[in-house]
Amino acid sequence: MSPSETPEVVLHDLRAGDGLPLVLVHGFPLDHRMWDEVARFLPDGLAVVAPDAPGFGDALLTESEPSIEGIADAVAEALAARGVERAVVAGMSMGGYVALALAERHPGLVAALGLVDTKSVADAPEARDNRLRIADEAERTGSVAPVRGMREALLGETSRATRPDLVAEVGAWIEEQRPEAVAWAQRAMASRPDRTAVLAAYGGPVSVVVGVEDELTPIEQAEHLVESSHDASEAALVLVPDAGHLAAVEEPEHVAGALARLHARVTR
Ligand code: MLT
């Protein structure tokens with residue numbers, strides 16, 4: 001198998017429905033299950049599809065170059081294979097990097113763009129070096145230990161203090177991921193470019209959602225996304241109280257409401 005081959009993603013139908021689907025791309029180091037509760041709070045009849053990124057959840061890790069663009073192309077191909085040429089695309093953190101890459105590489109597909117606890121800028125050199133170190137470590141040890149600490153970092157201080165079940169659930173999701181997928185995704189994220197200009201050029205509706213306790217992509221990053229959007233007045237900024245980087249898991253009803261409103265803007 002050639003290393004340039006498009007990686008594998010697996011699409012999960014979280015809800016059946018007609019019309020323009022809502023595609024929800026998960027963050028790192030998680031899988032499609034992070035969207036289960038959001039899907040429950042979305043309106044009846046709205047089709048919700050959540051991919052597993054290469055190596056995560058049910059997706060196998062094939063011999064492919066680690067890249068966010070590769071994930072985006074694989075998602076576009078998988079959707080096209082089931083006849084989906086247009087969708088509302090929302091991504092959380094790493095999923096947001098994928099959503100921006102979709103907007104750049106497959107603009108006709110992205111009817112509206114949801115950016116949840118994410119950013120458009122590339123990594124600073126130290127952050128990039130840290131990712132490559134984590135990737136090597138995950139491979140060397142054959143374990144997810146290098147990212148285990150994300151269990152706490154992903155959640156806001158309110159969840160950490162008051163929701164031990166949620167902390168345990170997120171920890172279990174992380175433990176279930178493949179170390180080689182952790183390494184692949186870290187290398188993919190390390191090589192991604194700044195996509196702020198993509199956001200400026202993107203012509204469809206945009207919704208930016210952020211947990212007010214997000215320590216990984218704080219509110220300033222969300223404000224930067226809104227300011228960089230083609231029409232800052234249209235790019236609604238939704239602040240989610242009592243939630244951190246995993247606002248979609250911590251406060252799914254709030255996040256579902258924002259995504260439902262975004263979807264309604266292109267289907268009304
Ligand atoms: C995520 O939640 O997907 C990660 O925080 C993304 C990243 O490491 O940049």
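As the structure is a prediction and not an experimental result, all values here were calculated from the model.

Analysis parameters
- Residues numbered from 1 in each chain as written.
- Predicted model: local features only at pLDDT ≥ 70, side-chain atom pairs only at ≥ 80, totals over all residues.
- Heavy atoms only, no water.
- Helix = DSSP H or I, 4+ residues; strand = E, 2+ residues; numbered from the N terminus.
- Buried < 20%, exposed > 50% of the residue type's maximum accessible area, 1.4 Å probe, protein only.
- Lys, Arg positive; Asp, Glu negative; His and termini not counted.
- Salt bridge = Lys/Arg side-chain N within 4 Å of Asp/Glu carboxyl O.
- Contact = heavy atoms within 4.5 Å.
- Polar contact = N/O pair within 3.5 Å; in protein donor to acceptor, adjacent residues only side chain to side chain.
- UniProt positions renumbered as here; feature names shortened; annotations may be inferred.
- 1 Å grid on protein atoms, 1.4 Å probe; cavity = no way out; pocket = protein on both sides within 12 Å on 5 of 7 lines; lining within 4 Å.
- Points joined across faces, edges and corners; volume = space filled by probe spheres on them.
- Nonpolar A, V, L, I, M, F, W, Y, C, P; charged D, E, K, R; others polar.
- Near = heavy atom within 4 Å.
- Areas by Shrake-Rupley, 256 points an atom, 1.4 Å probe, with all protein chains shown as cover.

Chemist: What's the story with the side chain of Glu 213 in this structure? I'm lost.
Modeler: Within the secondary structure layout, Glu 213 lies in the loop between strand E6 (206-211) and helix H10 (219-228). One buried charged residue, Glu 213, remains without a salt bridge, the closest side chain of opposite sign being Arg 160 at 6.8 Å. In this structure Glu 213 touches Gly 156, Glu 157, Thr 158, Asp 242, Ala 243 and Gly 244, once residues within four positions along its chain are discounted.

Chemist: I'm lost on the side chain of Arg 131 in this one. Help?
Modeler: Among the secondary structure elements, Arg 131 is positioned in helix H4 (residues 125-141). Of the residues examined, Arg 131 reaches a relative accessible area of 13% and is grouped as buried. Within polar-contact distance, the side chain of Arg 131 engages the side chain of Asp 123 at 2.6 Å.

Chemist: Explain the UniProt feature "domain: AB hydrolase-1" (unreviewed entry) in the chain to me, please; I cannot follow it from the model alone.
Modeler: Those places that UniProt annotates as "domain: AB hydrolase-1" (unreviewed entry) correspond, in this numbering, to residues 22-255. As a span, residues 22-255 carries 46% helix and 15% strand, and end to end its C-alpha atoms are 13 Å apart.

Chemist: Is there a simple way to think about the pattern of salt bridges in this case?
Modeler: It is possible for side chains bearing opposite charge to pair when their charged atoms get close. The full count for this structure, using the stated rule, is 16 salt bridges. Of the charged contacts, one joins Arg 33 and Asp 31 as a salt bridge, the two residues approaching to 2.8 Å between their closest N and O atoms. The exposure class assigned to Arg 33 is partly exposed, which follows from its relative accessible area of 23%. A salt bridge links Asp 123 to Arg 192; the nearest nitrogen and oxygen atoms lie 3.0 Å apart. Linking Asp 123 in the loop between strand E5 (110-116) and H4 with Arg 192 in the loop between helix H8 (179-190) and helix H9 (196-201), this pair joins segments that are 69 residues apart in sequence. The residues Asp 123 and Arg 192 share a single accessibility class, namely buried.

Chemist: What's the story with empty space enclosed by the protein in this structure? I'm lost.
Modeler: Sizing a probe to match a water molecule and rolling it over the atoms shows the empty space that remains. Counted by the stated rule, this structure contains one cavity of 30 Å³ or more. What lines the largest cavity is simply Tyr 97, Leu 100, Lys 119, Ser 120, Val 121, Arg 192, Pro 193 and Arg 195. In terms of residue class, the lining of the largest cavity is made up of four nonpolar, one polar and three charged.

Chemist: What am I meant to see in unusual backbone geometry here?
Modeler: With glycine set apart, most residues show a phi of negative sign, and most peptide bonds adopt trans. Each neighbour pair has its own omega, and for Phe 28 with Pro 29 the value is -5°, a cis peptide bond. Note that Pro 29 resides in the loop between strand E2 (18-25) and helix H1 (36-41). For Ser 93, which is not glycine, the phi dihedral falls at a positive 50°. Take Ser 93: it is sitting in the loop between strand E4 (87-92) and helix H3 (94-105).

Chemist: Would you explain the site of the ligand in this entry?
Modeler: As a matter of local geometry, the ligand sits amid Gly 27, Phe 28, Met 92, Ser 93, Met 94, Tyr 97, Arg 131, Met 150, Leu 154, Met 189, Leu 216 and His 245. Contacts to the ligand include Ser 93, whose side-chain N or O atom sits 3.1 Å from an oxygen atom. The separation between an oxygen atom of the ligand and a polar side-chain atom of Tyr 97 is 2.6 Å. Relative to its free-state accessible area of 270 Å², the ligand is covered by the protein chains to the extent of 92%.

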